[in-house]
Amino acid sequence: MKIAILGTRGVPNYHGGFEQFAEFFSVYMASNGYDIYVYNSHNHPYKQSDFKGVKIVHCFDPEYKLGTAGQFLYDLNCIRDIRKRNFDIILQLGYTSSSIWSWLFPKKVIIVTNMDGLEWKRSKYSPTVQKFLLKAEKWAVKYSDFHIADSIGIQEYLKEKYKIESKFIAYGAFVFDNPKEHKILKYNVTSYNYNMLIARLEPENNIETILDGYVLSSKNMPFLVVGKHETKFGEYLKDKYKEEVGIRFLGGIYDFNMLNNLRYFSNLYFHGHSVGGTNPSLLEAMASNTLIVANRNIFNESILGNDAYYFESAIDVKESLEYFKKDNKKKIINNEKKINEKYNWDIINNVYREFLDKISEN
């Protein structure tokens, strides 16, 4: 079977959740004998045409010149290439900038779209852009043969709003069981004496609420903010909290082992994502022996259940920082059990593979 993965900056992962999935899944499929291609931005650091058996197609990506508009042209360039290669299945990760080109997809190929989160609800977008994204969501529903929901909340939303059935397949993680305490010394912290978050610095990830809670608290530990901060909102946050010496903006960290160690040795891990589906960074936190304080919403609650603390306001965050310590082993153990039994990458990859096999036979 010949499969294309579309909708990411490329593999190996240097960007985010979809790239992380594309890396793990494509390598898994290639190792099982599938002819699998991943489309990479020409700006991606990895310049080879093969990655662990996965064929890499580099397409021109003008986002570095044009900003967001460049994403649409990058997707167009990828789809133009797709038309030349006679794929059996196109696995489209998200729809934000590719759905306007849906009419260009080859007619005889099976289009499978991972519907991602509720992109049109992201507060970083203007009302005009949000309106476009809602339309793009409709196009993705209309022009895809099959739909994947990465959370129960998204699956219910698609059924209620569009009256369509979707296949629920979450993301995955591997339990981290090889911590090295000396690794975190690079960031001038010691084990269990700092709190942290990992996220894109965007409004809907509740970073400002979390940091406001830190400011209100007794501030007895440093707070590490991991995420690329060279953005408009990132600059705003750095300026707002420039007098708070305990808040440390570390920027993006793409060394997966380092991220695992930082999560493992943190006191509390804050997860503020509010409009996506199952966020990969949440599963990675669950797999890293950390005590989680999450924004209260259907997406996070459907994964964590009672095995986390929740916040809705800066006051909630303040109280979490002052009263919770990493001594609730039951929640941590339960989350690791979920990773092993439900969200392990081997399980998730196999569910995807069986699903693609099944739809290709019909």
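Residues numbered from 1 in each chain as written. Predicted model: local features only at pLDDT ≥ 70, side-chain atom pairs only at ≥ 80, totals over all residues. Heavy atoms only, no water.

A. Region of interest: the sheet that holds strand β3 (residues 50-51). In spatial order, the strands read β3-β4-β2-β1-β5-β6-β7-β8; together these eight strands make up an open sheet with mixed pairing. Looking along the sheet, the strands with just one partner apiece sit at the ends: β3 and β8 (167-168). Two elements, strand β2 (residues 35-41) and strand β4 (residues 54-59), share five bridges in a ladder whose sense is parallel. Its bridge partner being in β4, Tyr37 is matched across the sheet by Lys55. Here helix α13 (residues 345-361) sits on the sheet and contacts β1 (2-6), β5 (89-93), β6 (110-114), β7 (146-149) and β8; the angle it forms with β6, its principal contact strand, is near 150°. (Pairing = 2+ DSSP bridges. Helix = DSSP H or I, 4+ residues; strand = E, 2+ residues; numbered from the N terminus. Contact = heavy atoms within 4.5 Å. Axes fitted to C-alpha atoms, helices over the stretch in contact; angles between N-to-C directions.)

B. Layout of a positive patch on the surface. Taken together, the side chains of Lys131, Lys135, Lys138 and Lys161 make up a positively charged region of the molecular surface. Per-element tally for the positive patch: the top contributor is helix α4 (residues 127-143), with three residues. Here Lys135 lies in helix α4. Taking relative accessible area as the criterion, Lys135 reaches 44% and is therefore assigned partly exposed. (Patch = residues over 30% accessible without salt bridge, like charges linked within 9 Å, V, L, I, M, F, W, Y side chains within 5 Å. Areas by Shrake-Rupley, 256 points an atom, 1.4 Å probe, with all protein chains shown as cover. Salt bridge = Lys/Arg side-chain N within 4 Å of Asp/Glu carboxyl O. Lys, Arg positive; Asp, Glu negative; His and termini not counted. Charge placed at Lys NZ, Arg CZ, Asp CG, Glu CD. Buried < 20%, exposed > 50% of the residue type's maximum accessible area, 1.4 Å probe, protein only.)

C. The arrangement of the nonpolar core in detail. In this structure, Phe25, Leu91, Val112, Leu262, Ile292 and Leu356 are the most contacted members of the largest nonpolar core, which totals 61 residues. Element by element, the count of residues in this core is highest for helix α1 (residues 17-31), at seven residues. Among all residues touching Leu262, those that are not within four sequence positions of it are Ile184, Tyr187, Tyr194, Met196, Leu224 and Ile253. Counting residues in each nonpolar core, the second largest holds 22 residues, with Leu197, Tyr214, Phe233 and Val293 among its members. (Core = buried A, V, L, I, M, F, W, Y, C linked by side-chain atoms within 4.5 Å.)

D. View of the side chain of Gln71. For Gln71, the position within the fold is in helix α3 (residues 68-82). Polar side-chain contacts of Gln71 include one of 3.0 Å to the side chain of Glu63. Excluding anything up to four places from it in sequence, Gln71 contacts Arg9, Glu63 and Ser97. (Polar contact = N/O pair within 3.5 Å; in protein donor to acceptor, adjacent residues only side chain to side chain.)

E. Local environment of the sheet that holds strand β12 (residues 268-271). Strand order in the open sheet made by the six strands is β11-β10-β9-β12-β13-β14, with parallel pairing throughout. The strands lining the two open edges of the sheet, one partner per strand, are β11 (247-251) and β14 (309-311). Each strand of the sheet is rotated relative to its neighbour by a mean of 25°, with strand direction disregarded. Sheet topology note: the strand β9 (residues 195-198)/strand β10 (residues 223-226) ladder contains four bridges and is parallel. Looking across to β10, one finds that Met196 is bridged to Leu224.

F. Focus on unusual backbone geometry. Between Val11 and Pro12 the backbone carries a cis peptide bond, its omega angle lying at -5°. Position of Pro12 among the secondary structure elements: in the loop between β1 and α1. The backbone of Lys219 sits at a positive phi, close to 55°, despite the residue not being glycine. Structurally, Lys219 is set in the loop between α6 (207-216) and β10. Exposure remark for Lys219: the relative accessible area of 34% places this residue in the partly exposed category. A positive phi angle, close to 55°, is found at Asn289, a residue other than glycine. Note on placement: Asn289 falls in the loop between α9 (280-286) and β13 (291-295). On the accessibility criterion, Asn289 (13% relative accessible area) is buried.

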